Amino acid sequence: MSKILYRTEFHVFVILALFSLLCGYINAGFWSPLNLFSILKSTSTIGIMALGMLMVIVAGGIDISIPAVAVFAVYSTSKFLVSIKYAGGIWVPFLMAILIGALLGCLNAFFISKYRLAPLIVTLAIASAVTGFLRTFIGSTVIANLPRSMFDFSRTNILSVTQADGSVARLSVAVVVFAVITVLVWLLMNYTTPGRGLYALGNDPVAAERIGFNTKRIQFMAYGLSGALAGITGVIHVSLIRQANIRDLEGVEMEVIAAVVLGGASITGGRGTVIGTLLGVFLIMVIKGSLILMGIPSSWQKVVIGAVLIAATVVTSLRKKSF
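Let us look at the structure shown here. Keep in mind it's a predicted model, so treat the numbers as computed, not measured.

Overview of helix H3 (residues 33-58)
Part 1 of the reasoning: Here H3 is 26 residues long and its end C-alpha atoms lie 35 Å apart, about the 38 Å a rise of 1.5 Å per residue gives.
Part 2 of the reasoning: At Ser44, H3 is bent by approximately 30°, the largest bend along its length.
Part 3 of the reasoning: Most of H3 sits inside the fold, with 19 of its 26 residues counted as buried.
Part 4 of the reasoning: Looking at the residues trailing H3, positive phi occurs at Gly60, about 90°.

What follows is the structure, encoded as structure tokens:
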């Protein structure tokens, strides 16, 4: 029990519970099915990206390119499928976006592992290059006539609840996709050799090589999976809003990093858990949702997220010094 009380995940859980109670006290609408389902739907997109970011950060890196990769993957996929008048299932858009995202993630890993460049610089450069390429060669118009399967995905719900005012709150199937990916990442990081390699690389790259881990392969896995999950996020996001816009998801990397670090991951690598990341994502989404319910301008959301990121980084640093 004493170990649980000292874990970062427990502290984040307590903060999340207290903040939720406070929000519910200020505005009873916080506990309405409509608001809770909305938070879960928002969590499914940010959360999938956060899981990819978690693997990269645990391995001692950072990936600023994930929003650009997500947008590039889904926008190019949508444009191609629209051009050939695709009328099949949702699995093709997902597979195409996953492949494109994984390739861009591996491109990050190539420069980082081969030339030992700083991950921040490489991923920032890839994000800029991808965005520029997208606007120059693919286009910048909003794609509204998406394939039918993407519209059908946006209308698929796993639960419907009739509220007191007679309106119906619906829980999107995107939450199921998020749950499945969460379980798979949790299994990878906790019960596989490559997953342990992420922690070994983040703690000490030289020691990781000495005990037999192929550090370059681990970096390719981390960044490749981060890119693939960004592709999945892109398809879900575009399907839910029912249009593809190259300006979607701009700046979301700050929320993702804040959620991962807030969940207990060390920004210098070697530490972080899936459960902690989930709690961090939920806390970020609850904070954003509560600000909206309280009528606070959306411009203040970035201020709050920035403050949370600074606080989480300071706490992580202090905890590291205490051990």
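This is not the end of the story, as more comes after the structure.
Regarding helix H6 (residues 119-138)
Part 1 of the reasoning: In this model, H6 (20 residues) spans 27 Å end to end at C-alpha, consistent with the 28 Å of a helix rising 1.5 Å per residue.
Part 2 of the reasoning: Among the residues making up H6, those that are buried are Pro119, Val122, Thr123, Ile126, Ala127, Val130, Leu134 and Ile138. All buried residues of H6 project into a common sector of 135° when viewed along the axis, lining one side. Of the residues in H6, the exposed ones pointing more than 90 degrees away from the buried face are Ile121, Ser128 and Thr136.
Part 3 of the reasoning: Close packing links the buried residues of H6 with helix H4 (66-83), helix H5 (91-115) and helix H11 (215-241).
Part 4 of the reasoning: Positive phi appears at Gly139, one or two residues downstream of H6, with a value of about 125°.

Some details on the packing of aromatic side chains
Part 1 of the reasoning: The final tally for this structure, using the stated rule, is 8 aromatic pairs.
Part 2 of the reasoning: With a centroid separation of 6.0 Å and an interplanar angle of 55°, the aromatic rings of Phe72 and Phe133 are classed as tilted. On the criterion of sequence distance, the pair formed by Phe72 in helix H4 and Phe133 in helix H6 is long-range, its members being 61 residues apart.
Part 3 of the reasoning: You can call Phe133 partly exposed: its relative accessible area is 40%.
Part 4 of the reasoning: A ring pair is formed by Phe110 and Phe111, whose centres lie 5.3 Å apart and whose planes are at 75°; its orientation type is edge-to-face.

A short note on the packing of H5 against H6
Part 1 of the reasoning: At a minimum axis separation of 9 Å, H5 and H6 run at an interaxial angle of 140°. The angle between H5 and H6 places the two elements in the oblique class. Here H5 and H6 pass one another in a crossing that is right-handed. Judged by residue contacts, Leu104, Leu107, Asn108, Phe111 and Ile112 of H5 engage Pro119, Val122, Thr123, Ile126 and Val130 from H6.

Brief notes about unusual backbone geometry
Part 1 of the reasoning: Backbone geometry places Lys85, a non-glycine residue, at a positive phi of 55°.
Part 2 of the reasoning: Structurally, Lys85 can be placed in the loop between H4 and H5.
Part 3 of the reasoning: Despite not being glycine, Arg116 has its phi angle at roughly 55°, a positive value.

Some details on a nonpolar patch on the surface
Part 1 of the reasoning: On the surface, Ile158, Leu159, Val176, Val180, Val183, Leu184, Trp186, Leu187, Tyr191 and Ile275 cluster together into a nonpolar patch covering about 910 Å² of accessible area.
Part 2 of the reasoning: At the level of elements, strand S1 (157-162) and helix H8 (174-191) are the ones that each hand at least two residues to the nonpolar patch.
Part 3 of the reasoning: Relative to the assigned elements, Tyr191 resides in helix H8.

Points about the nonpolar core
Part 1 of the reasoning: Of all hydrophobic cores here, the largest spans 89 residues; its most connected members are Met53, Val185, Met189, Leu198, Leu229 and Ile284.
Part 2 of the reasoning: Ranked by residue count, the leading element in this core is H3, at 12 residues.
Part 3 of the reasoning: When near neighbours in sequence (up to four residues on either side) are disregarded, Leu229 contacts Ile48, Leu51, Gly52, Met55, Ile181 and Val185.

A word on the pairing of S1
Part 1 of the reasoning: Direction of pairing for S1 relative to strand S2 (residues 168-172): antiparallel, over a ladder of 5 bridges. When the sheet's bridge partners are listed, Leu159 is paired in S2 with Leu171.
Part 2 of the reasoning: Linking two consecutive strands that pair antiparallel, namely S1 and S2, is a turn of 5 residues; a positive phi of about 95° is found at Gly166 within it.

Things to note about the packing of H4 against H6
Part 1 of the reasoning: The interhelical angle for the contact between H4 and H6, taken along N-to-C directions, is 25°, at an axis separation of 9 Å. In terms of their interaxial angle, H4 and H6 are classed as roughly parallel. Handedness of the H4/H6 crossing: left-handed. Across the interface between the two elements, Ala68, Val71, Phe72, Tyr75, Ser76 and Lys79 from H4 touch Ala127, Val130, Thr131, Phe133, Leu134 and Ile138 from H6.
Part 2 of the reasoning: Split into classes, the residues belonging to the contact of H4 with H6 amount to 9 nonpolar, 2 polar and 1 charged.

Conventions and cut-offs
- Residues numbered from 1 in each chain as written.
- Predicted model: local features only at pLDDT ≥ 70, side-chain atom pairs only at ≥ 80, totals over all residues.
- Heavy atoms only, no water.
- Helix = DSSP H or I, 4+ residues; strand = E, 2+ residues; numbered from the N terminus.
- Expected span 1.5 Å × (residues − 1).
- Bend = angle between axes of the 7 residues up to and from the residue.
- Buried < 20%, exposed > 50% of the residue type's maximum accessible area, 1.4 Å probe, protein only.
- Arc of directions from axis to C-beta.
- Contact = heavy atoms within 4.5 Å.
- Phe/Tyr/Trp six-rings, centres within 6.5 Å; stacked < 30°, edge-to-face > 60°.
- Axes fitted to C-alpha atoms, helices over the stretch in contact; angles between N-to-C directions.
- Parallel < 35°, antiparallel > 145°, perpendicular 65-115°, else oblique.
- Left-handed = near helix turned anticlockwise from the far one by under 90°.
- Patch = residues over 30% accessible without salt bridge, like charges linked within 9 Å, V, L, I, M, F, W, Y side chains within 5 Å.
- Areas by Shrake-Rupley, 256 points an atom, 1.4 Å probe, with all protein chains shown as cover.
- Salt bridge = Lys/Arg side-chain N within 4 Å of Asp/Glu carboxyl O.
- Core = buried A, V, L, I, M, F, W, Y, C linked by side-chain atoms within 4.5 Å.
- Pairing = 2+ DSSP bridges.
- Nonpolar A, V, L, I, M, F, W, Y, C, P; charged D, E, K, R; others polar.

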